Amino acid sequence: MNRAVMIIHDEHRSLVAVLKSLEKHVAEVIAGTSPTDYPFYGAMLAYLKTFPEILHHPKEDQFLFRRLRARCPSVNALLDELEEQHRIGALQLAALHATLAAASAQDHIDAFAEALSAYAESQRAHIRVEEEQILPLAERELTAEDWAYVNAAFAVNRDSGW
């Protein structure tokens, strides 16, 4: 498996783990088995903003998707959709931050739980498409030169401690 693909898989697993942890804690609050922890939720959302929205998705768009577009134009419509999902995901995350602020002010977590569930499901569906369709296609279609370019971009995430 290519180095960039391994990094992308690892990053996807990290994103899903953060979402699962956040969903689990919110579900426990709703069930009455854990206290509400708004600072924790805010920290998790800050991670989601910093890591996927600033480091991960832009690299997929600018490096992996760009090279894949050049080698396999038949996938452009799907890549357009994934890039749009990146854009929409950033907007959903901003809305989730606002929902958290309102939940904290009212000390009522139900709306945040619903928004979190919708955001998490959209991210999991997005990741499934990338891992089941895009990454296998990239491994078949990209050249060694393409991978050197993509690997260098994603290695920066690894080298920065992410």
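Residues numbered from 1 in each chain as written. Predicted model: local features only at pLDDT ≥ 70, side-chain atom pairs only at ≥ 80, totals over all residues. Heavy atoms only, no water.

1. Regarding the confidence of the model for the protein
- Taken as a whole, the protein shows an average pLDDT of 93; of its residues, 96% reach a score of 70 or greater.
- When pLDDT is averaged over each element of the protein, helix α4 (residues 110-141) comes out on top at 97 and helix α5 (residues 144-159) at the bottom at 85. (pLDDT = per-residue confidence, 0-100. Helix = DSSP H or I, 4+ residues; strand = E, 2+ residues; numbered from the N terminus.)

2. Things to note about helix α1 (residues 3-31)
- Between the first and last C-alpha of α1 there are 42 Å, a value that for 29 residues agrees with the 42 Å anticipated at 1.5 Å per step.
- Between the side-chain oxygen of the N-cap and the backbone nitrogen of Ala4 there are 2.9 Å, and the N-cap of α1 in question is Asn2. (Expected span 1.5 Å × (residues − 1). Polar contact = N/O pair within 3.5 Å; in protein donor to acceptor, adjacent residues only side chain to side chain.)

3. Topic: the pattern of salt bridges
- Enumeration according to the criterion identifies 10 salt bridges in this entry.
- A salt bridge links Asp10 to Arg13; the nearest nitrogen and oxygen atoms lie 2.1 Å apart. Note that Asp10 and Arg13 are positioned in helix α1 at a spacing of 3 residues, about one turn of the helix.
- Given the relative accessible area of 27%, Asp10 is considered partly exposed.
- On the accessibility criterion, Arg13 (52% relative accessible area) is exposed.
- Put simply, Glu23 and Arg124 hold a salt bridge, and the shortest N to O gap is 2.9 Å. A residue pair is termed long-range when its members are at least 10 positions apart, and Glu23 in helix α1 and Arg124 in helix α4 qualify at 101 residues.
- Three or more residues joined by partner-sharing salt bridges are found here, namely Glu23, Glu121, Arg124 and Arg128. (Salt bridge = Lys/Arg side-chain N within 4 Å of Asp/Glu carboxyl O. Buried < 20%, exposed > 50% of the residue type's maximum accessible area, 1.4 Å probe, protein only.)

4. Considering the packing of aromatic side chains
- Summed over all chains, the structure comprises 5 aromatic pairs.
- Measuring from centroid to centroid gives 5.7 Å for Tyr47 and Phe51, while their planes differ by 10°, and the two rings are stacked. Taken together, the positions of Tyr47 and Phe51, both in helix α2 (residues 38-71) and 4 residues apart, correspond to about one turn of that helix.
- Look at Phe51 and you get buried, because its relative accessible area is 1%.
- Seen in terms of ring centroids, Phe63 and Tyr149 are 5.2 Å apart; in terms of plane orientation they differ by 55°. Their pairing is tilted. Of this pair, Phe63 sits in helix α2 while Tyr149 sits in helix α5, and the two are 86 residues apart along the sequence.
- Three or more aromatic residues joined by ring pairs make a cluster, and in this case those are Tyr38, Phe40, Tyr41 and Phe112.
- Geometry around Tyr149 places Arg67 over its ring, the cationic atom sitting 3.8 Å from the centre. (Phe/Tyr/Trp six-rings, centres within 6.5 Å; stacked < 30°, edge-to-face > 60°. Lys NZ or Arg CZ within 6 Å of the ring centre and 35° of its normal.)

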